[in-house]
Amino acid sequence: MLLSRRRTLQGFAALGTAGLLARPALAQPRTLTVSTWGGVTEEGIKAYVQPEFERLTGAKLAYDIGGQGARYNKLMAQRANPPADVFFSTDEAVVAGQKAGILTTARRKNVPNIVDIEERVRTVKSGETDETIAGAPYTLIAYMLGYNPEKVKTPVTSWADLWRPEFQGKLAFTSPVHSQMPAFVIMAAEMAGGSAENVDPGFKKLAELKPAKLTVFWTDWAPLLKSGDVTLATEFDYYFETMRDQSYPIEYVIPKEKGIAVPEYVSVVKGTKNQELAEAFLNLMLDPKVQAGFAASTYSGTTNRKAELPESVRSRCACGARADQLRFFDPALFAARRPLWTERMNLEVVPSWQTR
């Protein structure tokens, strides 16, 4: 199935990208370095964006591949001479990067596709003015619950099912350093009578869990699903879909309280010498045809209202009705609270998980 996905990706590229942008070429013999994840994201850029970008600008693309945290730290360490021009990340990292002085805004006039982007995915408000945008929210993914239908007989329907006795010692759960941990602190607090402003009940409730594995990426826990050591997991929807393609015993659900919405951004690195090229790249990432290609090959949801998807693709990504079942959190709140909440997770919660 992975091969068929790659053939689909190549097929979209073969259709040609002429006319994606109605703006003149930027005749600059330069290289734009893209800091992004590897795998299907890198493949998608090479298939849907790179040919048109190079035709439009006369420039080339280079890649700095790695996990978000490692790439972010690299920008921090090399801010005097940035190793990349554009940066792929979650919305929270855009807020943090702007505050840290390693990411900057784009000029709205050079990213005209922004007018067709759904307002709900434009979660980063810092840097948004009549003349600038914070970055380009190019896709929407969701964090949900997945389970082994061969082992789990009572349906999973709620985030509260994480605490069901049958899943204690059989749970793959979000690591304290995971991008979505702040959402779980808030949701656990709400379940226990607290709130985002009163999270003490949330830490106490999280300490009641007994994870078998703490995860950052789906491959951390996937082998345990096949062995039966994990029967329930928290994960992104598009990784669940990848697992289904690879014949893992997995089904996933949007909890009745709503899943967690995760807009992914590409933004401009502060100090780039290629600001205009970077803005042309951002605009391409928002193009409806580019987004349709990404959705077909990665199961990532589209953010451009004009993107057209067949139902076979739409039903497998955070699009349409599924997106209505997601909860959007404020990334500025996550960025502000993460250092303290991570410390509390490591001091108050993780020790309980290790001794239960």
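Residues numbered from 1 in each chain as written. Predicted model: local features only at pLDDT ≥ 70, side-chain atom pairs only at ≥ 80, totals over all residues. Heavy atoms only, no water.

J.: For this particular structure, what's the right way to read the packing of helix α2 (residues 40–57) against helix α9 (residues 275–285)?
T.: Two quantities define a packed helix pair, namely the angle between the axes and the distance from one axis to the other. Running from N to C, α2 and α9 cross one another at 135°; their axes reach a closest spacing of 10 Å. Judged on the interaxial angle alone, α9 and α2 are oblique. α2 and α9 meet at a crossing whose hand is right-handed. Across the interface between the two elements, I45, V49, E52, F53, L56 and T57 of α2 pack against L277, A280, F281, L284 and M285 of α9. Taken together, the residues of the contact of α2 with α9 break down into nine nonpolar, one polar and one charged. (Axes fitted to C-alpha atoms, helices over the stretch in contact; angles between N-to-C directions. Helix = DSSP H or I, 4+ residues; strand = E, 2+ residues; numbered from the N terminus. Parallel < 35°, antiparallel > 145°, perpendicular 65-115°, else oblique. Left-handed = near helix turned anticlockwise from the far one by under 90°. Contact = heavy atoms within 4.5 Å. Nonpolar A, V, L, I, M, F, W, Y, C, P; charged D, E, K, R; others polar.)

J.: What's the story with the pattern of salt bridges in this structure? I'm lost.
T.: If the charged atoms of two oppositely charged side chains come close together, the side chains can form a pair. All chains considered together, the criterion is met by 21 salt bridges. The partner of K306 in a salt bridge is D116, and the shortest N-O contact between them spans 3.5 Å. Within this pair, whereas K306 is found in the loop between α10 (288–298) and α11 (311–314), its partner D116 is found in the loop between β5 (106–107) and β6 (132–133), the two being separated by 190 residues in sequence. Overall, the relative accessible area of 52% leaves K306 in the exposed class. (Salt bridge = Lys/Arg side-chain N within 4 Å of Asp/Glu carboxyl O. Buried < 20%, exposed > 50% of the residue type's maximum accessible area, 1.4 Å probe, protein only.)

J.: Would you take a moment to explain the pairing of strand β12 (residues 259–269) for this structure?
T.: Each regular strand shows side chains that alternate between the opposite faces of the sheet. Burial analysis of β12 places eleven of its eleven residues in the buried class, which makes it a mostly covered element. Sheet topology note: the strand β3 (residues 86–90)/β12 ladder contains five bridges and is antiparallel. By the bridge assignment, S89 is partnered in β12 with Y265. Strand direction decides the pairing type here: strand β7 (residues 136–147) and β12, joined by seven bridges, are antiparallel. Paired with Y143 across the strands is I260, a residue of β12. Judged from the two bridges that link them, β12 and strand β13 (residues 326–327) form a sheet pairing that is parallel. Following the sheet pairing, I260 is matched in β13 by R327. (Pairing = 2+ DSSP bridges.)

J.: How do you make sense of the nonpolar core when you look at a structure like this?
T.: Counting 90 residues, the largest nonpolar core has V49, L162, W221 and F281 as its most contacted members. Per element, the largest residue contribution to this core is nine residues, and it comes from β7. Residues in contact with V49, not counting those within four places in the same chain, are G44, F281, L284, M285, V290 and F294. (Core = buried A, V, L, I, M, F, W, Y, C linked by side-chain atoms within 4.5 Å.)

J.: Looking at this structure, how should I read the environment of T129?
T.: For T129, the position within the fold is in the loop between β5 and β6. The sequence separation of T129 and A47 amounts to 82 residues, and the corresponding C-alpha distance is 32 Å. Within the local environment of T129, its side chain forms a polar contact with the backbone nitrogen of E131, the two atoms lying 3.1 Å apart. (Polar contact = N/O pair within 3.5 Å; in protein donor to acceptor, adjacent residues only side chain to side chain.)

J.: Is there a simple way to think about the packing of aromatic side chains in this case?
T.: What characterises a pair of aromatic rings is the spacing of the ring centres plus the angle enclosed by the ring planes. On inspection of all chains with the given rule, the structure shows 20 aromatic pairs. When the centroid spacing of 5.8 Å and the interplanar angle of 50° are considered together, the rings of Y48 and F294 count as tilted. Here F294 lies in helix α10 and Y48 lies in helix α2, a separation of 246 residues in the sequence. Here Y48 matches F294 in class, with each residue buried. Measuring from centroid to centroid gives 4.3 Å for Y238 and Y239, while their planes differ by 20°, and the two rings are stacked. One aromatic cluster in this structure is built from Y143, W159, F173, F184, F217, W218, F236, Y238, Y239, Y248 and W353. (Phe/Tyr/Trp six-rings, centres within 6.5 Å; stacked < 30°, edge-to-face > 60°.)

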